[in-house]
Amino acid sequence: MSTQDSLSNKEIFDLLLQLLHAERAGAKVCMQSIQEAPSDEYRQILLDIHRDESNSCAGLLNSIKIIGATADHRVGDFAKKCMIISNFDDRLQYLNRGQQWVVRKIEDALTKIHINQVQNQLREMLDVHRDNVTRIDKFLEQHTAD
């Protein structure tokens with residue numbers, strides 16, 4: 001890969017920070033939604049997604065340190081937008097669209113990142129998010145929150 005194809009450290013930082021804000025928002029949605037979950041199955045999938053979102057936050061914070069930057073404490077606006085959705089299945093579907101957005105962001109940037117440790121962390125995060133998208137889709141096919 002030529003340096004023309006690579007993202008600058010500033011561009012990598014901006015991407016990592018944007019993803020971190022999104023992951024914090026996803027984790028917040030999961031934690032708040034657990035209280036309202038209509039069944040143990042819903043609570044379990046939310047707990048699992050929360051664990052993955054938290055792990056992604058930790059990985060992103062580590063990647064930000066690797067590039068010599070410092071993260072802020074912001075939570076993305078996605079959390080507010082998601083939590084106003086009262087229908088639980090619709091909220092979970094919206095959460096899944098957030099997971100899909102993360103997949104697209106990472107896919108678009110992955111080959112342009114020249115720092116192996118950061119690229120590896122994002123690749124792991126990508127795999128987890130792809131799995132979660134599939135898992136939530138299947139879950140919603142089999143469950144209804146009525």
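Before reading on, note that the structure itself is shown above.
Each value, and the rule that gives it
Here the residue numbers are simple positions, counted from 1 along each chain's written sequence. In view of the model being predicted, local features appear only for residues whose pLDDT reaches at least 70, and side-chain atom pairs are presented and counted only at 80 or more, with totals across whole chains, interfaces and linings using the full set of residues. Processing note: side-chain calculations cover all non-hydrogen atoms of the structure and skip hydrogens and water entirely. Fitted lines through C-alpha atoms give the axes, limited to the stretch in contact for helices. The angle between two N-to-C directions lies from 0 to 180 degrees. Helical segments are the DSSP runs of H or I of at least four residues, strand segments are the runs of E of at least two, and each set is numbered from the N terminus. When describing relative orientation, an angle under 35 degrees is termed roughly parallel and one over 145 degrees roughly antiparallel, while 65 to 115 degrees is termed roughly perpendicular and anything else oblique. With the far helix as reference, a near helix turned anticlockwise by less than a right angle produces a left-handed crossing, and one turned clockwise produces a right-handed crossing. Note on residue classes: Ala, Val, Leu, Ile, Met, Phe, Trp, Tyr, Cys and Pro are nonpolar, Asp, Glu, Lys and Arg are charged, and everything else, Gly too, is polar. Pairing of aromatic side chains requires ring centres within 6.5 Å, counting the rings of Phe and Tyr and the six-membered ring of Trp. Pairs whose planes differ by under 30 degrees are stacked, by over 60 edge-to-face, and all others tilted. Partly exposed residues are those whose accessible area sits between 20% and 50% of the maximum for their type, while under 20% is buried and over 50% is exposed, using a 1.4 Å probe and protein chains only. Here, two residues are considered to be in contact whenever any of their heavy atoms come within 4.5 Å of each other.

K.L.:
Break down the packing of helix 1 (residues 9-34) against helix 2 (residues 40-66) for me, citing the residues and quoting the values.
P.N.:
Where helix 1 contacts helix 2, the axes come no closer than 8 Å and their chain directions differ by 155 degrees. Taken together, the axes of helix 1 and helix 2 are roughly antiparallel relative to one another. Taken as a pair, helix 1 and helix 2 cross one another with a handedness that is left-handed. Partitioned by chemical class, the residues of the contact of helix 1 with helix 2 number 17 nonpolar, 6 polar and 4 charged.

K.L.:
So what's going on with the packing of aromatic side chains? Which residues, and what values?
P.N.:
Evaluated as defined, the whole model comprises 3 aromatic pairs. Look at Y42 and F139: their rings are 4.8 Å apart centre to centre, the planes differ by 85 degrees, and that puts the pair in the edge-to-face class. With Y42 in helix 2 and F139 in helix 5 (residues 116-142), this pair connects stretches of sequence that are 97 residues apart. In this pair, the class of Y42 matches that of F139, namely buried.

K.L.:
Any details on the environment of C82? Residues and values, ideally.
P.N.:
As for its position among the elements, C82 is in helix 3 (residues 78-83). C82 gets classed as buried once you look at its relative accessible area, which sits at 0%. In this structure the C-alpha to C-alpha distance between C82 and R24, which are 58 residues apart in sequence, comes to 13 Å. The contacts of C82, once residues within four sequence positions are left out, are V29, R91, Y94 and L95.

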